[in-house]
Protein chains: 2
Amino acid sequence: MRVLGVDPGLTRCGIGVVDGAPGRPLRMVAVGVVRTPAEETVDRRLVRIEEGIEAWLDEHRPEAVAVERVFAQHNVRTVMGTAQASAVAMLCAARRGLPVALHTPSEVKAAVTGSGRADKAQVGAMVTRILRLDAPPKPADAADALALAVCHIWRGAGNGRLAAAVAAHGRTAPRLPPGTRR
Amino acid sequence: MRVLGVDPGLTRCGIGVVDGAPGRPLRMVAVGVVRTPAEETVDRRLVRIEEGIEAWLDEHRPEAVAVERVFAQHNVRTVMGTAQASAVAMLCAARRGLPVALHTPSEVKAAVTGSGRADKAQVGAMVTRILRLDAPPKPADAADALALAVCHIWRGAGNGRLAAAVAAHGRTAPRLPPGTRR
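Within an unreviewed UniProt entry, the label attached to chain A reads Crossover junction endodeoxyribonuclease RuvC, and the organism entered is Streptomyces thermolineatus. In its Sequence similarities (unreviewed entry) section, the UniProt record describing chain A reads: "Belongs to the RuvC family." Check the Subcellular location (unreviewed entry) section of the UniProt entry for chain A; it says "Cytoplasm".

Here is the structure:
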């Protein structure tokens, strides 16, 4: 499966495209950044982000898009721009009928490093190793976008199995005998 | 001038269209709400908001779009959805080359009631009076969208005069004699 990861931001959106399946070696298809000039108005910058993401989707035709989930409590100064950029990424994907998944920063870190509290350098090092690159992708937003795509492919397997189990049994929790308390 | 105001929200986007000019009676052209179902994913809801706003822009052809400015510190629980919906509104307008203006809630309240701390009922009452309506528009998001459009028309005059002065003199502050301290 081919996944396009987006690390959203108004100044820089990291974009990373990864091919692969759980349990098989993953392959980096492309990585880069969509930048917008700080001197432009927010509405014009959102149009540039849309154009940039559309170009990536046109060129690489992913089967799913993974976007970092933005929380209101983090980085209050920049969170509005991040939320707005993430909205554009989700919109571009959903308009094409592509499945959109949101992963939290700690889910992504845990997926690629084993620790939800790993730092940027550790994430960059593991992305380099997992995708067998010569050097960590720069800037960090680009590496984070690849980590998001890797996370999605690896977690997707579990979600897929879970979804299949839910579809088969109609509920997420195992049935318990009547009268049993959880 | 015709202004489309947007009070952004993921569940309800208030939309109000007003015709007018400063110092002349204003006229409500249309008012309504774009709703999205809470049970859908955020990415699908953003597509519905885009479709809704595009339909309003197609039908009413405004010359400017006024969107409520979202702050990170307010309503932390819902602020992400509000930021994302506002991004879609700005994107739809900017893509058509329409000027986009952001006004804060207190600017809007001050413009229509004279007080930046007015409550919803007061805003609704003044919108009703200013636009000579039979009753306050419901829901409150719709009234707020009309208030945004009114605010934009009235403030736009001042901004227009300021912009003209800046264009004429090349700076916003008056020239002071050398050595003078502000």
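Engineer: Can you help me understand the sheet that holds strand β1 (residues 2–7) of chain B in this one?
Structural biologist: Two modes of strand pairing occur in sheets, parallel and antiparallel, and in both the strands are linked by backbone hydrogen bonds. Residue and element names in this part refer to chain B. Judged by pairing direction, the sheet is mixed, and its five strands sit side by side in the order β3-β2-β1-β4-β5 without closing on themselves. Sheet topology places β3 (27–35) and β5 (100–103) at the edges, where each strand pairs with a single neighbour. Strand-to-strand twist in this sheet, taken as the mean axis angle between neighbours without regard to direction, amounts to 20°.

Engineer: Help me understand the interface of chain A and chain B in this model?
Structural biologist: The extent of an interface is frequently quoted as the accessible surface area lost upon association of the parts. The interface is formed by 22 residues belonging to chain A together with 22 residues belonging to chain B. Interface area, chain A with chain B, both sides summed: about 1,900 Å², of which 76% is carbon and sulfur. Scanning the region where chain A abuts chain B turns up two salt bridges. Where B:E50 meets A:R95, a salt bridge forms, and the shortest distance between an N and an O atom there is 2.5 Å. Among the elements of the structure, α1 (42–60) and α2 (76–95) of chain A are those that each provide at least two residues to the side of chain A that touches chain B. Grouping the constituent residues of the side of chain A that touches chain B by class yields 16 nonpolar, two polar and four charged.

Engineer: Explanation requested: the packing of helix α3 (residues 105–113) of chain B against helix α4 (residues 120–130) of chain B in the structure shown.
Structural biologist: Helix packing geometry: the angle between the two helix axes and the distance between the axes. Residues and elements named next belong to chain B. Between α3 and α4, the shortest axis-to-axis distance is 9 Å and the interhelical angle comes to 50°. One element, α3, and the other, α4, form an angle in the oblique class. Like other packed secondary-structure pairs, α3 and α4 cross with a definite hand, here left-handed. Counted together, K109, V112 and T113 of α3 and Q122, V123, M126 and I130 of α4 form the full contact between these two elements. Class assignment of the residues belonging to the contact of α3 with α4 gives a composition of four nonpolar, two polar and one charged.

Engineer: Quick question: what am I supposed to make of the pattern of salt bridges here?
Structural biologist: Side-chain pairs of opposite charge can arise whenever the charged atoms involved come near each other. Going through the model one piece at a time under the given rule, you end up with 24 salt bridges over all chains. As a salt-bridge pair, A:D58 and A:R96 come within 2.7 Å of each other at their nearest N and O atoms. With A:D58 in helix α1 and A:R96 in the loop between α2 and β5 (100–103), the pair connects residues that are 38 residues apart, well separated along the chain. In this structure A:R96 comes out as partly exposed when scored by relative accessible area, which is 29%. Salt bridges linked by common partners bring A:E50, A:E54, A:D58, A:R61, A:R95, A:R96, B:E50, B:E54, B:D58, B:R61, B:R95 and B:R96 together as one network.

Criteria and cut-off values
Residues numbered from 1 in each chain as written. Chains lettered and ligands numbered in written order. Predicted model: local features only at pLDDT ≥ 70, side-chain atom pairs only at ≥ 80, totals over all residues. Heavy atoms only, no water. UniProt positions renumbered as here; feature names shortened; annotations may be inferred. Pairing = 2+ DSSP bridges. Helix = DSSP H or I, 4+ residues; strand = E, 2+ residues; numbered from the N terminus. Axes fitted to C-alpha atoms, helices over the stretch in contact; angles between N-to-C directions. Contact = heavy atoms within 4.5 Å. Buried area = accessible area lost by both parts, 1.4 Å probe. Salt bridge = Lys/Arg side-chain N within 4 Å of Asp/Glu carboxyl O. Nonpolar A, V, L, I, M, F, W, Y, C, P; charged D, E, K, R; others polar. Parallel < 35°, antiparallel > 145°, perpendicular 65-115°, else oblique. Left-handed = near helix turned anticlockwise from the far one by under 90°. Buried < 20%, exposed > 50% of the residue type's maximum accessible area, 1.4 Å probe, protein only.

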